[in-house]
Amino acid sequence: MYRDYKHRHGDHVFFRDVGKDMMVISRGQGIYLYDDEGREYIDGCAGSAVANIGHAVPEVVEAIAAQAGKVAFTHLSRFVTEPTMRLAHMVAELAPAGLGRVYLVSGGSEAVEAAIKFARTYYVERDGADSKKYQVIARWHGFHGNTLGALSVTGHIPRRRKYEPMLVDFPHIPACYCYRCHYGESYPACGVKCAHALDDMIRQCGAENVAAFIAEPLVGAASGAVPPVAEYWPLVRAICDQHDVLLIADEVMTGFGRTGRHFATEHWGVIPDIISCAKGMSAGYAPLGAFIVQERHHLALEKGSGRFIHGHTYGGNPLASATGVAVLEYYHRHKLVDNSREMGDLLFELMEPAAESPIVGDVRGLGLFMGVELVEDKASRRPFPAGVAIGEQLTRKCIQHGLVLYPGSGHADGKSGDHVLIAPPLTISAAEVAELVRRFRAGLADLERELGVSRLAQAVT
Ligand SMILES: Cc1ncc(COP(=O)(O)O)c(C=O)c1O
(Lines give C-alpha, C1' and ligand atoms only; values in the text may rest on other atoms or scores of the structure.)
Protein backbone atom coordinates (compact mmCIF):
# COMPACT_ATOMS: atom_id res chain seq x y z
CA MET A 1 0.00 0.00 0.00
CA TYR A 2 1.08 3.56 -0.76
CA ARG A 3 0.65 4.40 2.95
CA ASP A 4 3.84 2.46 3.87
CA TYR A 5 5.91 4.15 1.14
CA LYS A 6 4.60 7.53 2.25
CA HIS A 7 5.58 6.76 5.80
CA ARG A 8 9.16 5.96 4.79
CA HIS A 9 9.80 8.48 1.99
CA GLY A 10 7.21 11.25 2.30
CA ASP A 11 4.12 11.99 0.28
CA HIS A 12 4.85 13.51 -3.12
CA VAL A 13 2.47 12.04 -5.70
CA PHE A 14 -0.36 14.46 -6.46
CA PHE A 15 -3.33 12.10 -6.75
CA ARG A 16 -6.72 13.04 -8.14
CA ASP A 17 -8.33 11.82 -4.94
CA VAL A 18 -6.15 13.06 -2.15
CA GLY A 19 -7.63 10.99 0.66
CA LYS A 20 -7.67 7.62 -1.07
CA ASP A 21 -5.33 4.83 0.02
CA MET A 22 -3.79 3.67 -3.25
CA MET A 23 -2.87 0.09 -4.09
CA VAL A 24 0.65 -0.42 -5.44
CA ILE A 25 0.73 -2.57 -8.57
CA SER A 26 4.10 -4.14 -9.22
CA ARG A 27 3.43 -6.10 -12.42
CA GLY A 28 0.87 -7.34 -14.90
CA GLN A 29 0.53 -10.45 -17.03
CA GLY A 30 -2.21 -11.06 -19.58
CA ILE A 31 -5.52 -10.01 -18.04
CA TYR A 32 -4.04 -10.04 -14.52
CA LEU A 33 -2.48 -7.36 -12.31
CA TYR A 34 -0.39 -8.17 -9.21
CA ASP A 35 0.07 -5.90 -6.23
CA ASP A 36 3.24 -5.45 -4.19
CA GLU A 37 2.12 -8.22 -1.84
CA GLY A 38 1.64 -10.68 -4.69
CA ARG A 39 -2.19 -10.59 -4.73
CA GLU A 40 -3.70 -11.20 -8.15
CA TYR A 41 -6.55 -9.21 -9.73
CA ILE A 42 -8.39 -9.58 -13.01
CA ASP A 43 -8.06 -6.23 -14.78
CA GLY A 44 -11.79 -6.18 -15.47
CA CYS A 45 -11.73 -2.69 -16.97
CA ALA A 46 -8.32 -2.71 -18.72
CA GLY A 47 -7.45 0.40 -16.70
CA SER A 48 -10.10 2.55 -18.35
CA ALA A 49 -10.73 0.45 -21.48
CA VAL A 50 -7.08 0.91 -22.42
CA ALA A 51 -5.07 -2.30 -21.88
CA ASN A 52 -6.83 -4.10 -24.73
CA ILE A 53 -4.09 -6.65 -25.48
CA GLY A 54 -3.34 -7.42 -21.83
CA HIS A 55 -0.18 -6.76 -19.87
CA ALA A 56 3.49 -7.55 -20.58
CA VAL A 57 3.12 -8.78 -24.16
CA PRO A 58 6.70 -9.72 -25.17
CA GLU A 59 6.56 -8.73 -28.85
CA VAL A 60 5.28 -5.24 -27.98
CA VAL A 61 7.94 -4.84 -25.28
CA GLU A 62 10.59 -5.87 -27.85
CA ALA A 63 9.26 -3.45 -30.47
CA ILE A 64 9.41 -0.57 -27.97
CA ALA A 65 12.98 -1.43 -26.95
CA ALA A 66 14.05 -1.77 -30.60
CA GLN A 67 12.63 1.66 -31.51
CA ALA A 68 14.14 3.31 -28.41
CA GLY A 69 17.47 1.90 -29.53
CA LYS A 70 17.09 3.48 -33.01
CA VAL A 71 15.58 6.89 -32.32
CA ALA A 72 13.07 7.69 -29.58
CA PHE A 73 12.16 11.24 -30.57
CA THR A 74 12.03 13.46 -33.60
CA HIS A 75 9.67 16.40 -34.09
CA LEU A 76 6.90 15.86 -36.63
CA SER A 77 7.15 19.47 -37.83
CA ARG A 78 10.58 18.67 -39.32
CA PHE A 79 10.91 14.90 -39.74
CA VAL A 80 8.88 11.79 -40.22
CA THR A 81 9.98 8.28 -39.31
CA GLU A 82 9.05 4.89 -40.71
CA PRO A 83 6.90 3.81 -37.72
CA THR A 84 4.86 7.02 -37.92
CA MET A 85 4.14 6.49 -41.64
CA ARG A 86 3.37 2.83 -40.99
CA LEU A 87 1.03 3.56 -38.07
CA ALA A 88 -0.91 6.18 -40.03
CA HIS A 89 -1.25 3.71 -42.90
CA MET A 90 -2.47 0.92 -40.60
CA VAL A 91 -5.01 3.15 -38.86
CA ALA A 92 -6.33 4.45 -42.19
CA GLU A 93 -6.72 0.84 -43.41
CA LEU A 94 -8.80 -0.03 -40.35
CA ALA A 95 -10.93 3.12 -40.47
CA PRO A 96 -14.22 3.34 -42.39
CA ALA A 97 -14.11 4.30 -46.09
CA GLY A 98 -12.57 7.64 -46.94
CA LEU A 99 -11.09 8.32 -43.50
CA GLY A 100 -7.59 8.41 -44.86
CA ARG A 101 -5.64 11.06 -42.92
CA VAL A 102 -4.38 10.39 -39.42
CA TYR A 103 -3.29 13.23 -37.15
CA LEU A 104 -1.29 11.75 -34.28
CA VAL A 105 -1.40 12.97 -30.69
CA SER A 106 -0.75 11.49 -27.25
CA GLY A 107 -4.17 10.75 -25.79
CA GLY A 108 -7.93 11.10 -25.97
CA SER A 109 -8.35 14.70 -24.82
CA GLU A 110 -5.69 15.83 -27.28
CA ALA A 111 -7.46 13.88 -30.03
CA VAL A 112 -10.73 15.66 -29.28
CA GLU A 113 -9.09 19.10 -28.99
CA ALA A 114 -7.41 18.59 -32.34
CA ALA A 115 -10.59 17.23 -33.96
CA ILE A 116 -12.76 20.19 -32.97
CA LYS A 117 -10.05 22.66 -34.01
CA PHE A 118 -9.77 20.86 -37.34
CA ALA A 119 -13.56 21.20 -37.82
CA ARG A 120 -13.20 24.97 -37.49
CA THR A 121 -10.09 24.96 -39.71
CA TYR A 122 -11.93 23.02 -42.40
CA TYR A 123 -14.63 25.66 -42.80
CA VAL A 124 -12.14 28.54 -42.74
CA GLU A 125 -10.07 26.80 -45.43
CA ARG A 126 -13.14 25.98 -47.51
CA ASP A 127 -15.15 29.18 -47.12
CA GLY A 128 -12.55 31.76 -46.16
CA ALA A 129 -11.60 33.57 -42.97
CA ASP A 130 -15.09 35.07 -42.72
CA SER A 131 -16.65 31.67 -42.09
CA LYS A 132 -18.80 31.88 -38.98
CA LYS A 133 -18.86 28.15 -38.45
CA TYR A 134 -17.28 27.39 -35.08
CA GLN A 135 -19.94 26.00 -32.74
CA VAL A 136 -19.55 22.35 -31.74
CA ILE A 137 -22.78 20.76 -30.58
CA ALA A 138 -22.30 17.99 -28.02
CA ARG A 139 -24.48 15.95 -25.67
CA TRP A 140 -25.28 15.91 -22.00
CA HIS A 141 -24.00 12.70 -20.38
CA GLY A 142 -21.05 12.46 -22.77
CA PHE A 143 -17.36 12.51 -21.88
CA HIS A 144 -14.71 13.79 -24.27
CA GLY A 145 -11.76 14.61 -22.03
CA ASN A 146 -10.55 16.97 -19.34
CA THR A 147 -8.59 19.67 -21.18
CA LEU A 148 -10.68 22.84 -21.44
CA GLY A 149 -11.78 22.41 -25.06
CA ALA A 150 -12.62 18.74 -24.61
CA LEU A 151 -14.31 19.52 -21.29
CA SER A 152 -16.39 22.21 -23.02
CA VAL A 153 -17.96 19.54 -25.23
CA THR A 154 -18.17 17.07 -22.34
CA GLY A 155 -21.66 16.85 -20.86
CA HIS A 156 -20.87 15.13 -17.59
CA ILE A 157 -21.81 17.65 -14.90
CA PRO A 158 -19.50 16.48 -12.08
CA ARG A 159 -16.44 16.85 -14.33
CA ARG A 160 -17.57 20.30 -15.55
CA ARG A 161 -18.98 21.90 -12.41
CA LYS A 162 -15.83 23.48 -10.93
CA TYR A 163 -14.49 24.69 -14.28
CA GLU A 164 -17.77 25.95 -15.74
CA PRO A 165 -16.66 29.65 -15.84
CA MET A 166 -13.58 28.65 -17.86
CA LEU A 167 -15.41 26.62 -20.50
CA VAL A 168 -16.40 27.57 -24.03
CA ASP A 169 -20.17 27.91 -24.18
CA PHE A 170 -20.88 25.09 -26.65
CA PRO A 171 -24.49 23.86 -26.87
CA HIS A 172 -25.50 20.41 -25.59
CA ILE A 173 -28.47 18.22 -26.47
CA PRO A 174 -29.83 15.20 -24.55
CA ALA A 175 -28.03 11.91 -25.14
CA CYS A 176 -29.68 8.73 -26.39
CA TYR A 177 -30.06 7.10 -22.98
CA CYS A 178 -33.25 5.04 -22.92
CA TYR A 179 -32.95 3.87 -19.32
CA ARG A 180 -33.22 7.52 -18.21
CA CYS A 181 -34.91 9.09 -21.23
CA HIS A 182 -34.69 12.88 -21.06
CA TYR A 183 -38.18 13.09 -22.56
CA GLY A 184 -39.68 10.46 -20.22
CA GLU A 185 -40.68 8.41 -23.24
CA SER A 186 -40.10 4.85 -24.47
CA TYR A 187 -38.54 3.55 -27.63
CA PRO A 188 -39.76 3.19 -30.37
CA ALA A 189 -42.86 5.30 -29.65
CA CYS A 190 -40.54 8.24 -28.85
CA GLY A 191 -39.64 8.58 -32.55
CA VAL A 192 -36.00 8.99 -31.43
CA LYS A 193 -36.57 12.58 -30.27
CA CYS A 194 -33.02 12.71 -28.93
CA ALA A 195 -31.65 12.47 -32.50
CA HIS A 196 -34.09 15.09 -33.82
CA ALA A 197 -32.91 17.37 -30.99
CA LEU A 198 -29.76 17.83 -33.07
CA ASP A 199 -31.80 19.26 -35.94
CA ASP A 200 -33.57 21.63 -33.52
CA MET A 201 -30.28 22.76 -31.98
CA ILE A 202 -28.61 23.38 -35.33
CA ARG A 203 -31.57 25.51 -36.41
CA GLN A 204 -31.51 27.36 -33.10
CA CYS A 205 -27.79 28.16 -33.44
CA GLY A 206 -28.09 28.81 -37.18
CA ALA A 207 -26.39 26.19 -39.36
CA GLU A 208 -24.04 28.91 -40.62
CA ASN A 209 -22.54 29.02 -37.11
CA VAL A 210 -22.20 25.27 -36.52
CA ALA A 211 -19.01 23.41 -37.46
CA ALA A 212 -19.55 19.99 -35.90
CA PHE A 213 -21.55 17.60 -33.79
CA ILE A 214 -19.56 15.33 -31.49
CA ALA A 215 -20.79 12.18 -29.74
CA GLU A 216 -19.53 8.87 -28.44
CA PRO A 217 -21.02 5.91 -30.35
CA LEU A 218 -21.70 4.30 -26.96
CA VAL A 219 -21.34 6.63 -23.99
CA GLY A 220 -18.42 5.36 -21.92
CA ALA A 221 -17.06 6.81 -18.70
CA ALA A 222 -19.85 9.34 -18.16
CA SER A 223 -22.77 6.89 -18.10
CA GLY A 224 -21.45 3.33 -18.42
CA ALA A 225 -21.45 1.82 -21.92
CA VAL A 226 -24.82 3.22 -23.00
CA PRO A 227 -25.66 2.10 -26.56
CA PRO A 228 -27.92 4.17 -28.82
CA VAL A 229 -31.04 2.84 -30.51
CA ALA A 230 -30.54 1.49 -34.05
CA GLU A 231 -31.80 4.62 -35.86
CA TYR A 232 -29.77 7.11 -33.84
CA TRP A 233 -26.49 7.26 -35.75
CA PRO A 234 -28.05 7.07 -39.24
CA LEU A 235 -30.36 9.92 -38.20
CA VAL A 236 -27.63 12.19 -36.83
CA ARG A 237 -25.55 11.44 -39.94
CA ALA A 238 -28.44 12.60 -42.16
CA ILE A 239 -29.06 15.72 -40.05
CA CYS A 240 -25.37 16.70 -40.20
CA ASP A 241 -25.38 16.24 -43.99
CA GLN A 242 -28.52 18.29 -44.37
CA HIS A 243 -26.99 21.24 -42.50
CA ASP A 244 -23.39 20.98 -43.73
CA VAL A 245 -22.10 20.10 -40.25
CA LEU A 246 -19.22 17.68 -39.62
CA LEU A 247 -19.98 14.52 -37.66
CA ILE A 248 -17.27 13.62 -35.13
CA ALA A 249 -17.45 10.16 -33.58
CA ASP A 250 -15.43 10.12 -30.38
CA GLU A 251 -14.15 6.53 -30.41
CA VAL A 252 -11.49 7.05 -27.74
CA MET A 253 -13.05 4.26 -25.69
CA THR A 254 -14.97 2.32 -28.30
CA GLY A 255 -12.33 2.20 -31.05
CA PHE A 256 -9.96 -0.66 -31.86
CA GLY A 257 -12.28 -3.57 -31.27
CA ARG A 258 -13.74 -2.74 -27.87
CA THR A 259 -17.34 -3.25 -29.06
CA GLY A 260 -16.64 -6.14 -31.43
CA ARG A 261 -15.93 -3.97 -34.49
CA HIS A 262 -12.83 -1.96 -35.32
CA PHE A 263 -14.85 1.20 -34.78
CA ALA A 264 -18.25 1.21 -33.11
CA THR A 265 -20.00 3.35 -35.73
CA GLU A 266 -19.64 0.31 -38.05
CA HIS A 267 -22.49 -1.30 -36.06
CA TRP A 268 -24.88 1.16 -37.70
CA GLY A 269 -23.19 1.46 -41.08
CA VAL A 270 -22.41 5.13 -40.49
CA ILE A 271 -19.26 6.83 -41.72
CA PRO A 272 -18.30 9.86 -39.65
CA ASP A 273 -16.33 12.79 -41.04
CA ILE A 274 -13.85 12.62 -38.20
CA ILE A 275 -13.02 9.91 -35.66
CA SER A 276 -11.11 10.69 -32.48
CA CYS A 277 -9.34 7.71 -30.96
CA ALA A 278 -6.69 6.76 -28.38
CA LYS A 279 -6.65 4.17 -25.56
CA GLY A 280 -6.76 0.83 -27.43
CA MET A 281 -4.60 2.29 -30.21
CA SER A 282 -1.51 1.61 -28.10
CA ALA A 283 -3.29 -0.53 -25.47
CA GLY A 284 -1.52 1.47 -22.75
CA TYR A 285 2.04 0.67 -23.87
CA ALA A 286 2.64 4.33 -24.79
CA PRO A 287 0.58 7.54 -24.66
CA LEU A 288 -1.02 7.67 -28.11
CA GLY A 289 -4.10 9.02 -29.83
CA ALA A 290 -5.24 10.43 -33.15
CA PHE A 291 -8.01 11.99 -35.11
CA ILE A 292 -8.75 10.47 -38.48
CA VAL A 293 -10.36 12.62 -41.12
CA GLN A 294 -11.94 12.16 -44.52
CA GLU A 295 -9.56 12.78 -47.44
CA ARG A 296 -12.02 15.29 -48.91
CA HIS A 297 -11.83 17.44 -45.79
CA HIS A 298 -8.07 17.21 -45.71
CA LEU A 299 -8.10 18.32 -49.35
CA ALA A 300 -9.65 21.64 -48.32
CA LEU A 301 -6.53 22.24 -46.25
CA GLU A 302 -4.27 21.17 -49.11
CA LYS A 303 -6.00 23.56 -51.49
CA GLY A 304 -6.15 26.28 -48.86
CA SER A 305 -3.40 27.49 -46.55
CA GLY A 306 -1.81 24.04 -46.29
CA ARG A 307 -1.29 24.55 -42.58
CA PHE A 308 -3.17 23.11 -39.62
CA ILE A 309 -2.24 25.56 -36.89
CA HIS A 310 -2.16 23.08 -34.05
CA GLY A 311 0.30 20.62 -32.59
CA HIS A 312 1.87 19.08 -29.51
CA THR A 313 5.52 18.19 -28.96
CA TYR A 314 4.91 14.46 -28.70
CA GLY A 315 2.46 14.13 -31.59
CA GLY A 316 3.68 11.44 -33.99
CA ASN A 317 6.84 10.63 -32.05
CA PRO A 318 8.65 7.49 -33.23
CA LEU A 319 8.50 5.60 -29.94
CA ALA A 320 4.73 5.92 -29.51
CA SER A 321 4.25 5.21 -33.22
CA ALA A 322 6.31 2.00 -33.10
CA THR A 323 4.29 0.95 -30.07
CA GLY A 324 1.06 1.54 -31.97
CA VAL A 325 2.30 -0.49 -34.93
CA ALA A 326 3.24 -3.44 -32.70
CA VAL A 327 -0.11 -3.27 -30.88
CA LEU A 328 -2.18 -3.11 -34.08
CA GLU A 329 -0.21 -6.04 -35.51
CA TYR A 330 -1.01 -7.96 -32.34
CA TYR A 331 -4.76 -7.24 -32.75
CA HIS A 332 -4.59 -8.55 -36.28
CA ARG A 333 -2.50 -11.67 -35.55
CA HIS A 334 -4.69 -12.73 -32.64
CA LYS A 335 -8.04 -11.77 -34.23
CA LEU A 336 -8.90 -9.70 -31.17
CA VAL A 337 -11.85 -7.92 -32.75
CA ASP A 338 -13.52 -11.30 -33.33
CA ASN A 339 -12.60 -12.37 -29.80
CA SER A 340 -14.14 -9.18 -28.41
CA ARG A 341 -17.42 -10.01 -30.16
CA GLU A 342 -17.44 -13.68 -29.10
CA MET A 343 -16.30 -13.12 -25.52
CA GLY A 344 -18.65 -10.15 -25.29
CA ASP A 345 -21.60 -12.41 -26.12
CA LEU A 346 -20.45 -14.83 -23.45
CA LEU A 347 -19.99 -12.04 -20.89
CA PHE A 348 -23.54 -10.76 -21.46
CA GLU A 349 -24.94 -14.30 -21.20
CA LEU A 350 -23.09 -15.12 -17.97
CA MET A 351 -24.02 -11.77 -16.42
CA GLU A 352 -27.76 -12.44 -16.78
CA PRO A 353 -28.17 -13.75 -13.20
CA ALA A 354 -26.37 -10.66 -11.83
CA ALA A 355 -28.95 -8.49 -13.60
CA GLU A 356 -31.56 -10.01 -11.25
CA SER A 357 -29.92 -8.33 -8.26
CA PRO A 358 -32.23 -5.88 -6.46
CA ILE A 359 -29.61 -3.13 -6.89
CA VAL A 360 -28.81 -3.73 -10.56
CA GLY A 361 -31.06 -1.54 -12.69
CA ASP A 362 -29.57 -2.06 -16.13
CA VAL A 363 -26.87 -4.12 -17.83
CA ARG A 364 -25.96 -2.77 -21.26
CA GLY A 365 -23.25 -2.40 -23.84
CA LEU A 366 -21.75 -4.15 -26.84
CA GLY A 367 -18.83 -6.55 -27.24
CA LEU A 368 -16.47 -6.38 -24.27
CA PHE A 369 -17.87 -3.03 -23.22
CA MET A 370 -20.46 -3.41 -20.47
CA GLY A 371 -22.06 -0.95 -18.08
CA VAL A 372 -23.90 -2.05 -14.94
CA GLU A 373 -26.14 0.69 -13.54
CA LEU A 374 -26.87 0.47 -9.82
CA VAL A 375 -30.18 1.68 -8.34
CA GLU A 376 -31.75 1.89 -4.92
CA ASP A 377 -35.19 1.10 -6.27
CA LYS A 378 -35.43 -1.08 -9.32
CA ALA A 379 -39.08 -0.42 -10.16
CA SER A 380 -38.82 3.38 -10.19
CA ARG A 381 -35.13 3.37 -11.30
CA ARG A 382 -34.39 5.67 -8.36
CA PRO A 383 -30.63 5.99 -7.92
CA PHE A 384 -28.84 5.74 -4.60
CA PRO A 385 -28.18 9.12 -2.95
CA ALA A 386 -24.86 10.49 -4.18
CA GLY A 387 -23.25 10.29 -0.73
CA VAL A 388 -23.65 6.50 -0.66
CA ALA A 389 -21.11 6.16 -3.50
CA ILE A 390 -22.53 2.75 -4.33
CA GLY A 391 -20.34 2.27 -7.41
CA GLU A 392 -17.22 2.84 -5.32
CA GLN A 393 -18.57 0.44 -2.70
CA LEU A 394 -19.13 -2.29 -5.28
CA THR A 395 -15.67 -1.66 -6.71
CA ARG A 396 -14.11 -2.12 -3.26
CA LYS A 397 -16.03 -5.36 -2.68
CA CYS A 398 -14.94 -6.72 -6.06
CA ILE A 399 -11.31 -5.80 -5.37
CA GLN A 400 -11.53 -8.03 -2.28
CA HIS A 401 -12.48 -10.86 -4.65
CA GLY A 402 -9.66 -10.05 -7.07
CA LEU A 403 -11.52 -8.05 -9.71
CA VAL A 404 -10.86 -4.45 -10.80
CA LEU A 405 -13.84 -2.39 -12.07
CA TYR A 406 -14.17 1.21 -13.28
CA PRO A 407 -16.89 3.06 -11.31
CA GLY A 408 -18.60 6.24 -12.47
CA SER A 409 -21.30 8.48 -11.02
CA GLY A 410 -23.43 11.55 -11.48
CA HIS A 411 -25.26 10.53 -14.64
CA ALA A 412 -28.81 10.57 -13.24
CA ASP A 413 -29.01 14.22 -12.19
CA GLY A 414 -25.45 15.52 -12.12
CA LYS A 415 -24.84 14.17 -8.62
CA SER A 416 -26.51 10.80 -8.14
CA GLY A 417 -26.54 7.85 -10.55
CA ASP A 418 -23.91 5.13 -10.35
CA HIS A 419 -22.50 2.53 -12.67
CA VAL A 420 -19.50 0.29 -13.02
CA LEU A 421 -17.80 -0.35 -16.32
CA ILE A 422 -16.64 -3.85 -17.20
CA ALA A 423 -14.19 -3.76 -20.12
CA PRO A 424 -11.49 -6.42 -19.79
CA PRO A 425 -8.58 -6.88 -22.21
CA LEU A 426 -9.83 -8.17 -25.57
CA THR A 427 -7.50 -11.15 -25.16
CA ILE A 428 -9.71 -12.64 -22.46
CA SER A 429 -10.58 -16.36 -22.81
CA ALA A 430 -13.93 -18.04 -22.10
CA ALA A 431 -12.64 -19.49 -18.81
CA GLU A 432 -11.39 -16.05 -17.78
CA VAL A 433 -14.77 -14.46 -18.62
CA ALA A 434 -16.44 -17.04 -16.39
CA GLU A 435 -13.99 -16.28 -13.59
CA LEU A 436 -14.52 -12.52 -14.00
CA VAL A 437 -18.28 -12.99 -13.68
CA ARG A 438 -17.85 -15.29 -10.66
CA ARG A 439 -15.76 -12.63 -8.91
CA PHE A 440 -18.23 -9.89 -9.85
CA ARG A 441 -21.13 -11.87 -8.42
CA ALA A 442 -19.20 -12.57 -5.22
CA GLY A 443 -18.50 -8.83 -4.77
CA LEU A 444 -22.10 -7.95 -5.55
CA ALA A 445 -23.41 -10.55 -3.08
CA ASP A 446 -21.18 -9.09 -0.34
CA LEU A 447 -22.55 -5.62 -1.03
CA GLU A 448 -26.14 -6.85 -1.08
CA ARG A 449 -25.61 -8.58 2.27
CA GLU A 450 -24.12 -5.43 3.75
CA LEU A 451 -27.07 -3.38 2.48
CA GLY A 452 -29.50 -6.08 3.65
CA VAL A 453 -31.12 -6.24 0.23
CA SER A 454 -30.06 -9.63 -1.12
CA ARG A 455 -32.78 -11.90 -2.38
CA LEU A 456 -31.76 -14.25 0.40
CA ALA A 457 -32.01 -11.46 2.98
CA GLN A 458 -35.41 -10.45 1.58
CA ALA A 459 -36.67 -14.04 1.78
CA VAL A 460 -35.56 -14.34 5.39
CA THR A 461 -37.08 -11.06 6.60
C1 LIG B 1 -14.81 9.01 -25.21
C2 LIG B 1 -13.62 9.63 -24.57
N3 LIG B 1 -13.07 10.72 -25.12
C4 LIG B 1 -11.98 11.32 -24.59
C5 LIG B 1 -11.39 10.82 -23.45
C6 LIG B 1 -10.17 11.50 -22.87
O7 LIG B 1 -9.06 10.70 -23.07
P8 LIG B 1 -7.72 10.93 -22.23
O9 LIG B 1 -8.05 10.60 -20.82
O10 LIG B 1 -6.74 9.98 -22.86
O11 LIG B 1 -7.32 12.34 -22.40
C12 LIG B 1 -11.91 9.68 -22.85
C13 LIG B 1 -11.30 9.12 -21.63
O14 LIG B 1 -11.84 8.28 -20.96
C15 LIG B 1 -13.06 9.07 -23.42
O16 LIG B 1 -13.62 7.98 -22.89
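Bear in mind the structure is a predicted one, so any value in this text is a computation, not a measurement.

Enquirer: Help me understand the overall build of the protein chain in this model?
Expert: Secondary structure assignment for the protein chain yields 16 helices and 15 strands. In terms of overall dimensions, the protein chain is globule-like: its C-alpha atoms have a radius of gyration of 22 Å, near the 23 Å expected for 461 residues. Along the first, second and third principal axes, the C-alpha set of the protein chain runs to 75 × 60 × 45 Å. Relative to all contacts within the protein chain whose residues are 6 or more apart in sequence, the contacts with residues 24 or more apart total 72%.

Enquirer: Can you help me understand the site of the ligand in this one?
Expert: Near the ligand lie 15 residues; those nearest to it are Gly 107, Gly 108, Ser 109, Gly 145 and Val 252. With three residues, helix α5 (residues 108–127) is the largest single contributor of residues to the shell around the ligand. Here the shell around the ligand is composed, by residue class, of six nonpolar, seven polar and two charged.

Enquirer: I keep staring at the environment of Phe 256 and nothing clicks. Help me out?
Expert: Assignment of secondary structure puts Phe 256 in the loop between β8 (246–250) and β9 (274–277). It is 8.6 Å that separates the C-alpha atoms of Phe 256 and Leu 94, two residues lying 162 residues apart in sequence.

Enquirer: Got a minute to help me understand the sheet that holds strand β5 (residues 135–139) in this structure?
Expert: By definition, the strands of a sheet pair up through backbone hydrogen bonds, in either a parallel or an antiparallel sense. Strands sit in the order β4-β10-β9-β8-β7-β5-β6 across an open sheet of seven strands; the sheet is mixed. Each having just a single partner strand, β4 (99–105) and β6 (172–173) make up the two edges of the open sheet. Here β8 runs beside β9; their pairing, made up of three bridges, is parallel. Residue pairing in the sheet places Ile 248 in a bridge with Ile 274 of β9. Its contacts with the sheet place helix α8 (residues 193–205) against β5, β6 and β7 (210–215), and it is angled at close to 150° to β5.

Enquirer: Can you help me understand the sheet that holds strand β1 (residues 25–29) in this one?
Expert: A sheet is described by the order of its strands in space; here four strands give the open sequence β1-β2-β3-β13, paired in mixed fashion. A single partner strand is all that each edge strand has here, and the edge strands are β1 and β13 (403–404). Pairing between β1 and strand β2 (residues 32–35): four bridges, direction antiparallel. Bridge assignment links Gln 29 to a residue of β2, and that residue is Tyr 32.

Enquirer: I would appreciate a short explanation of helix α1 (residues 2–9) in the present structure.
Expert: Taking burial as the measure, the eight residues of α1 include zero buried ones, a minor fraction of the element. Following α1 by one or two positions, Gly 10 adopts a phi angle in the positive range, close to 95°.

Enquirer: How do you make sense of the nonpolar core when you look at a structure like this?
Expert: The tendency in soluble globular proteins is for nonpolar side chains to be buried as a group. Grouped together as the largest cluster of nonpolar side chains are 135 residues, with contacts concentrated most on Ala 119, Phe 213, Val 236, Ala 290, Phe 291 and Ile 292. Counting the residues that make up this core, at least three belong to each of domain 1 (2–53 + 335–460) and domain 2 (59–333). Those residues in contact with Val 236, other than ones at most four positions away along the chain, are Ala 195, Leu 198, Phe 213, Ala 215 and Leu 247.

Enquirer: Help me out: how do you make sense of the domain arrangement of the protein chain in this one?
Expert: Interfaces are frequently sized by the accessible area removed from exposure as the parts join. Parsing the protein chain into structural domains produces domain 1 (2–53 + 335–460) and domain 2 (59–333). With 35 residues of domain 1 at the contact, the number on the domain 2 side is 32 residues. Counting residues per element, the ones that place at least two in the side of domain 1 that touches domain 2 are α2 (46–49), α12 (336–350), β11 (360–366), β12 (369–374), β14 (406–409) and β15 (418–422). A class-by-class count of the residues in the side of domain 1 that touches domain 2 yields 15 nonpolar, 15 polar and five charged.

Enquirer: Would you take a moment to explain the pairing of β12 for this structure?
Expert: Within β12, six of the six residues are buried, leaving the element largely enclosed by the surrounding structure. Both faces of β12 are covered, namely the face carrying Phe 369, Gly 371 and Glu 373 and the face carrying Met 370, Val 372 and Leu 374. Summarising the sheet, β11 and β12 pair through six bridges and their orientation is antiparallel. Bridging across to β12, Val 360 finds its partner in Leu 374. Adjacent in sequence and paired antiparallel, β11 and β12 are bridged by two residues, among which Gly 367 carries a positive phi angle near 60°.

Enquirer: Just to check I follow, could you spell out the packing of α5 against helix α10 (residues 295–303) for this structure?
Expert: The description of two helices packed together rests on the angle between their axes and the distance between the axes. Here α5 crosses α10 at 55°, and the two axes come no closer than 8 Å. The angle between α5 and α10 places the two elements in the oblique class. Crossing of α5 over α10 shows left-handed handedness. Residues Thr 121, Tyr 122, Glu 125 and Arg 126 of α5 lie in contact with α10, whose contacting residues are His 297, Ala 300 and Leu 301.

Enquirer: Would you take a moment to explain unusual backbone geometry for this structure?
Expert: Apart from glycine, the bulk of residues carry a negative phi angle, and the bulk of peptide bonds sit in the trans form. Residue Pro 188 follows Tyr 187 across a cis peptide bond; omega there is 5°. Along the polypeptide, Pro 188 turns up in the loop between β6 and α8. Positive phi values are uncommon outside glycine, yet Ala 49 reaches one of about 60°. Along the chain, the position of Ala 49 falls in helix α2.

Enquirer: I keep staring at the confidence of the model for the protein chain and nothing clicks. Help me out?
Expert: Residues shown with low pLDDT carry predicted positions that ought not to be read at fine detail. Taken residue by residue, the protein chain gives an average pLDDT of 96. The fraction at 70 or more is 98%. Confidence drops under pLDDT 50 across residues 456–461; counting only partners more than four residues distant or on other chains, this segment forms three contacts.

Thresholds, definitions, all that
- Along each chain, residues carry numbers from 1 onward, in the same order as the chain's sequence is written.
- Local features in this predicted model are restricted to residues of pLDDT 70 or higher, and side-chain atom pairs are both shown and tallied only at a pLDDT of 80 or more, whereas totals for entire chains, interfaces and linings draw on every residue.
- Numbering of helices and strands runs from the N terminus, with a helix taken as a DSSP run of H or I at least four residues long and a strand as a DSSP run of E at least two residues long.
- The globule rule used here is 2.2 Å times the number of residues to the 0.38 power, and the radius of gyration it is set against is calculated over C-alpha atoms.
- We call two residues in contact if the C-beta atoms placed from their backbones are at most 7 Å apart.
- Nearness rests on one distance test: the residue's C-beta atom, set from the backbone, must lie within 6 Å of the molecule or strand.
- Note on residue categories: nonpolar means Ala, Val, Leu, Ile, Met, Phe, Trp, Tyr, Cys or Pro, charged means Asp, Glu, Lys or Arg, and polar means any other residue, Gly included.
- For two strands to count as paired, DSSP must find a minimum of two bridges between them.
- Angles run from 0 to 180 degrees between N-to-C directions of axes, and those axes are lines fitted to C-alpha atoms, restricted for helices to the stretch in contact.
- Exposed residues have 12 or fewer other C-beta atoms within 10 Å of their own C-beta, buried residues have 20 or more, and residues in between are partly exposed; the C-beta atoms are placed from the backbone.
- What makes a nonpolar core is a set of buried Ala, Val, Leu, Ile, Met, Phe, Trp, Tyr and Cys residues, with links drawn between C-beta atoms within 7 Å.
- Note that domain bounds follow an automatic or database assignment of domains.
- Orientation labels follow simple angle bins: below 35 degrees gives roughly parallel, above 145 gives roughly antiparallel, 65 to 115 gives roughly perpendicular, and whatever is left gives oblique.
- Handedness of a helix crossing follows the sense of rotation of the near helix relative to the far helix, less than a right angle counterclockwise being left-handed and clockwise being right-handed.
- Values of pLDDT, the confidence the predictor places in each residue, fall between 0 and 100.

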